[in-house]
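Commentary on secondary and tertiary structure
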Number of protein chains: 2
Amino acid sequence: MLKFKIPEVAIERFPIYLRSIDNLPDNFILSSNKIAKLAGTTANQLRKDLSYLGWLGIRGKGYKIGKLKKEIARILNIDKKWKVAIVGVGKLGSALLAYPGLKKGKFQVELAFDNDPLKIGKTIEKVTIQNVEKIPELLPLHRVKIGIITTPSEVAQDVADKLIKGKVRGILNFAPVQLAAPKRIKIRNVDISILLETVSFFITQKSLF
Amino acid sequence: MLKFKIPEVAIERFPIYLRSIDNLPDNFILSSNKIAKLAGTTANQLRKDLSYLGWLGIRGKGYKIGKLKKEIARILNIDKKWKVAIVGVGKLGSALLAYPGLKKGKFQVELAFDNDPLKIGKTIEKVTIQNVEKIPELLPLHRVKIGIITTPSEVAQDVADKLIKGKVRGILNFAPVQLAAPKRIKIRNVDISILLETVSFFITQKSLF
DNA sequence: TAGATTGTTAATCGATTAACAATC
DNA sequence: TAGATTGTTAATCGATTAACAATC
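Residues numbered from 1 in each chain as written. Chains lettered and ligands numbered in written order. Predicted model: local features only at pLDDT ≥ 70, side-chain atom pairs only at ≥ 80, totals over all residues. Heavy atoms only, no water.

Side note on the interface of chain B and chain A
We apply this condition: Note on contacts: a residue pair is in contact if any heavy atoms of the two residues lie within 4.5 Å. Accessible area that two parts lose when put together, with a 1.4 Å probe and added across both, is what the buried area reports. The term salt bridge refers to a pairing of a side-chain nitrogen on Lys or Arg with a carboxyl oxygen on Asp or Glu at a separation within 4 Å.
Between chain B and chain A, the residue contacts involve 63 residues of the former and 63 residues of the latter. A buried area of about 6100 Å², summed over both sides, lies between chain B and chain A, and 71% of it is on carbon and sulfur atoms. Among the residues chain B hides against chain A, the three largest losses belong to R19(B), L196(B) and I203(B). Together they make up 11% of the total. Taken together, chain B and chain A are joined by four salt bridges.

Some points on the pattern of salt bridges
Put simply, the rule is: Counting from the N terminus, the helices are DSSP H or I runs at least four residues long and the strands are E runs at least two residues long.
By the definition in use, this model includes 20 salt bridges over all chains. For the salt bridge of E8(A) with K186(A), the shortest nitrogen-to-oxygen distance reads 3.9 Å. One end of the pair, E8(A), is in helix α1 (residues 8–21); the other, K186(A), is in strand β10 (residues 186–189), and 178 residues separate them in sequence. Its salt-bridge partner being R74(B), residue E71(B) comes within 2.9 Å of it at the nearest N-O pair.

Side note on the relation of the copies chain B and chain A
Definition in use: When the copies are overlaid, the least-squares fit takes in C-alpha atoms only where the residue has pLDDT of at least 70 in both copies.
Under the fitted operation, chain B is carried onto chain A by 0.0 Å of movement along the axis and a turn of 180°, and the coordinates agree to an RMSD of 0.0 Å. With respect to symmetry, the two chain copies, as superposed, fit the operation of a two-fold axis. By residue overlap, the copies meet face to face through one surface: 100% of the interface positions of chain B are interface positions in chain A.

Focus: the pairing of strand β8 (residues 146–149) of chain A
All names here are of chain A. Defined as follows: Accessible area is worked out with a 1.4 Å probe on protein chains only. A residue is then buried under 20% of its type maximum, exposed over 50%, and partly exposed in between. One bridge is not enough; two strands pair if DSSP finds at least two bridges between them. Classification remark: right-handed applies to a crossover when, strands pointing away from the viewer, the course from the first strand over the helix to the second runs clockwise.
Neither face of β8 is open: one carries I146 and I148, the other G147 and I149, and all of them are buried. Bridging between strand β4 (residues 82–87) and β8 involves four bridges; their strand directions are parallel. Looking at β8, one finds that V87 is bridged to I149. Relative to strand β9 (residues 170–173), β8 runs parallel, the two being bridged by four bridges. What sits directly across from I148, in β9, is L172. Each parallel crossover has a hand, and for β8 linked through helix α8 (residues 153–165) to β9 it is right-handed.

Quick notes on the protein's contact with DNA strand D
Applied cut-off: Proximity is defined per residue: if any heavy atom of the residue lies within 4 Å of a molecule or strand, that residue is considered near it. In protein, a polar contact means a hydrogen-donor-capable atom and an acceptor-capable atom, both N or O and within 3.5 Å, with residues adjacent in sequence counting only if both atoms are side-chain atoms; elsewhere, any N or O pair within 3.5 Å suffices.
Around DNA strand D, the surrounding shell holds 22 residues, and the nearest of these are S32(A), R47(A), K48(A), G57(A) and Y63(A). Near the protein, within 4 Å, the atoms of DNA strand D are sugar or phosphate in 62% of cases. Taking G57(A), its main chain carries an N or O atom lying 2.7 Å from a phosphate oxygen of DNA strand D. Within the side chain of Y63(A), a nitrogen or oxygen atom sits 2.6 Å from a phosphate oxygen of DNA strand D. Counting only elements with at least two residues in the surface near DNA strand D, the list comes to α3 (43–51), β2 (57–58) and β3 (62–64) of chain A together with α1 (8–21) and α3 (43–51) of chain B.

What follows is the structure, given as structure tokens:
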């Protein structure tokens, strides 16, 4: 457990660092400058961020890739596997079920839910679709701590409530609504329209940004 | 055109404000406090953000919903429609093609591309899939200024280069790679693994965050 | 007018950048 | 040792929060 608070923004950069060095050999030693280039940031920021994890580098040389991978994975708690549940097996939900980053990564889709009787019972990507009503019951049984919501907006809050009853600790929400939930639940929203809207702003304010 | 710089973080909140009031009647007048609650922020922050857009409220009363919608839409440049191109019509790409937020919203999928001969020529959601090689040629012809990348990582950079040749101004990238591009191109990354990794961190550091 | 709420200023907080002593 | 690069401190920058005069 950490004794001090790592800035949220730094936490969000760690996965990018990890991804940037992921296919480099463990015995490579790279300077902060080189790694920063790969990750699309600056050497100063990289060193600052890494300093939150302790002494990772070798003065005069750089950072050993193997050690870096291990330490970042450790702080992100992805040295072990996480089981996740997907709720809403429409087009987006099915796409996520088959998504390589989820399929073979540190996050494994253990359960899938839908409210459509035609879908319940079917098996996609080795996961059998269950009735949404079973969420509160099945999640603790399978030790699932993260839920992914890919339902229409109208039912997203109801699904979130069920997930919370099922004792999830985090939710990745693709429905374009603001979910209400206790503070202890970590919610990440992915709203494609919102992303496009900010793009829209920036590409027309050319002279100022 | 703006005379001063609106903070990036504020820009990213405007779409959320818009979404929060979207289904309220135009003639309603709500206080910053009420709107902030809907959007999941504070009255202070909302007023500060809105102040960048000018005098929008009525002292002693609140903000007229209709005016707010119009002004936020104007600043985000979504009072007009944007045409977008999707590259990579796999599971995720197809899901986005059918995504309601894109289908009937301010962003219309005008073009779709793939490199798979079996897919080229087929029509999904009224959009005919074209050969990726045609990106630089077709984009300017259709006045498409935003590209969405839903290809495997290996070809994402190549696709980005083609989009840039086709004169896009912004890219929404779902491939888990850091894209290289000139500064004038606005890139937004959506990496599902990265999002889950930050969730993973936060739900284990319970006592500090 | 009295009450309410805005728009804005000032104070606080936090993150980024620059710089450099420590040290491999 | 000389050169290089870390880890960290201090300076800068920017965003959030608090507070309140202006005003509907």
